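Okay, here's what each chain looks like letter by letter:
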Amino acid sequence: MNYLIVGAGLYGATFAHEARRAGKTVLVIDKRPHIAGNVYTERVEGINVHRYGAHIFHTNNRHVWEYVHQFAEFNRFTNSPVANYKGELYSLPFNMYTFNRMWGVVTPEEAAAKIASQRAEIRGEPRNLEEQAISLVGQDIYEKLVKGYTEKQWGRSCTDLPAFIIKRLPVRLTFDNNYFNALYQGIPIGGYTKLVERMLEGAEVYLNTDYLAHKAELDALAEKVIYTGPIDAYFGYRLGALEYRSVRFETELLDMPNFQGNAVVNYTDRETPWTRIIEHKWFEFGKDGQGNDLPKTVISREYSSEWRVGDEPYYPVNDAKNGALYSQYKELATAEKDIIFGGRLGEYKYYDMDQVIVAALEQSARELGK
């Protein structure tokens, strides 16, 4: 066997596809009982449920967009979340609809003047997320739509979070509810699991297989390992555990056709315990594969939590302390023989889906000599 690929998510599936195209033999393993990693979708009452949170494919990279279309047709879904602050509803990203609802302003000039007056108190370079947010959108929007949501998401005060987390916050003086500034956007028709299945066609796949628990025997099966699990877990946390934020989901099937009228609603007050509610059917416009309206709906409440060993790691906490610890683990990784560390957990890096695919394509090109 040429390659043992640890992890059947997008990175592992992309590498597996490229290796098979190059005539290599691969074995893909995953400790979960399913393929597709965090983009796994499961069909419930005709609805493709995003089991690990909302995944909306978006990219400016035409090559990646064409690449994923080999494996699935994509619909025209556009991410337009709604913010719920104690029953008040606001458009996201922050745009003229938001400003009109917040302040009653009608023109872009009025909105810009209102923001300018509210951010005047921030002098010099923002020192933390709170100051950064106020400098971008003013005090009112920060208090209602940023502060509570962000503190729930990160489990820390906004004054203790670095400014860079929110530097790219979309703020528009237009009536544009499209969250992503991306040329290409959509959801694979039939769900992500189907897409990853196509990527893995022809590869041998073992599920419910814990690589670290059976490392020696699994390593012996292949010439080289592609490892997409947590880099600190690979080394037995010998230098300490890297920090992540984790997410817990409470998913319900409801006997009604429409719960909230939108795929994503963020709850931005601090008192509501969940960060957002996903209504999965709206990712595919409330229709089944034949274009029929679906009579039921599935919702997922998302709760953000501090990660502990044994939990599912989601978001790396990319601060200076964790960056320094990751650098030490990376040094250990470069000394390992016949193993490549890749993906969100292997590289301790937040990746959008298109970025994961780019990283896997670049790594496979280096490795396979393309």
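Predicted model only: the values in this text are computed from it and were never measured.

**With respect to unusual backbone geometry**
Then step 1. Residue Pro-93 follows Leu-92 across a cis peptide bond; omega there is -5°.
Then step 2. In this structure, Lys-86 takes a positive phi of about 50° despite not being glycine.
Then step 3. By the secondary structure assignment, Lys-86 is in the loop between β6 (82–85) and β7 (88–91).
Then step 4. Owing to a relative accessible area of 55%, Lys-86 belongs among the exposed residues under this scheme.

**A look at the sheet that holds strand β12 (residues 264–267)**
Then step 1. One open sheet accounts for seven strands, arranged β7-β6-β12-β13-β14-β11-β15; its pairing is mixed. Looking at the sheet topology across the chains shown, the edges are occupied by β7 and β15 (315–316).
Then step 2. As paired elements, strand β11 (residues 244–254) and strand β14 (residues 297–306) share ten bridges and run antiparallel to each other. Looking across to β14, one finds that Thr-251 is bridged to Ser-300.
Then step 3. Helix-sheet contacts for helix α6 (residues 139–154) involve β6, β7, β11, β12, β13 (276–279), β14 and β15, and the interaxial angle to β6 is about 95°.

**Topic: the packing of aromatic side chains**
Then step 1. Across all of its chains, the model carries 25 aromatic pairs by this definition.
Then step 2. Measuring from ring centre to ring centre gives 6.1 Å for Phe-249 and Tyr-314, while their planes differ by 65°; the resulting arrangement is edge-to-face. With Phe-249 in strand β11 and Tyr-314 in the loop between β14 and β15, this pair connects stretches of sequence that are 65 residues apart.
Then step 3. Following the ring pairs from residue to residue traces out a cluster consisting of Tyr-211, Tyr-227, Tyr-234, Phe-235, Tyr-329 and Phe-341.

**Considering the nonpolar core**
Then step 1. Of all hydrophobic cores here, the largest spans 51 residues; its most connected members are Leu-4, Phe-94, Phe-99, Tyr-211 and Tyr-227.
Then step 2. With five residues, the top contributor of residues to this core is α6.
Then step 3. If near-sequence neighbours (up to four positions away) are discounted, Phe-99 is found in contact with Phe-94, Gly-104, Val-105, Ala-111, Ile-115, Ile-141, Val-171, Arg-172 and Leu-173.
Then step 4. The next biggest cluster of nonpolar side chains, apart from the first, holds 49 residues, and it includes Ala-13, Ile-35, Trp-65 and Ile-340.

**A few points about the side chain of His-50**
Then step 1. Turning to its location among the elements, His-50 is positioned in strand β4 (residues 47–50).
Then step 2. With a relative accessible area of 3%, His-50 lands in the buried category.
Then step 3. Those residues in contact with His-50, other than ones at most four positions away along the chain, are Tyr-40, Thr-41, His-55, Ile-187, Tyr-192, His-280 and Phe-283.

**Let's talk about the environment of Val-247**
Then step 1. Looking at where Val-247 falls in the secondary structure, it is placed in strand β11.
Then step 2. Sequence spacing of Val-247 and Thr-275 is 28 residues, and the spatial spacing of their C-alpha atoms is 9.7 Å.
Then step 3. In this structure, Val-247 is in contact with Glu-302, Tyr-303, Ser-305, Tyr-314 and Tyr-315, ignoring residues within four places of it in sequence.

**A word on the environment of Asn-266**
Then step 1. Position of Asn-266 among the secondary structure elements: in strand β12.
Then step 2. Taking the C-alpha atoms as reference, Asn-266 lies 21 Å from Pro-316; in sequence the two are 50 residues apart.
Then step 3. Not counting chain neighbours up to four residues away, the residues in contact with Asn-266 comprise Val-82, Ala-83, Asn-84, Leu-92, Tyr-149, Thr-275 and Arg-276.

**A closer look at the sheet that holds strand β2 (residues 26–29)**
Then step 1. Across the sheet, which stays open at both edges, the five strands sit in the order β9-β2-β1-β10-β16 with parallel pairing between neighbours. Bordering the open sheet on either side are β9 (204–206) and β16 (339–341), each of which pairs with just one other strand. Going across the sheet, the axis of each strand differs from the next one's by a mean of 20°, ignoring polarity.
Then step 2. Here strand β1 (residues 3–6) pairs with strand β10 (residues 224–227) via four bridges, running parallel. What sits directly across from Tyr-3, in β10, is Lys-224.

About the cut-offs
Residues numbered from 1 in each chain as written. Predicted model: local features only at pLDDT ≥ 70, side-chain atom pairs only at ≥ 80, totals over all residues. Heavy atoms only, no water. Helix = DSSP H or I, 4+ residues; strand = E, 2+ residues; numbered from the N terminus. Buried < 20%, exposed > 50% of the residue type's maximum accessible area, 1.4 Å probe, protein only. Pairing = 2+ DSSP bridges. Contact = heavy atoms within 4.5 Å. Axes fitted to C-alpha atoms, helices over the stretch in contact; angles between N-to-C directions. Phe/Tyr/Trp six-rings, centres within 6.5 Å; stacked < 30°, edge-to-face > 60°. Core = buried A, V, L, I, M, F, W, Y, C linked by side-chain atoms within 4.5 Å.

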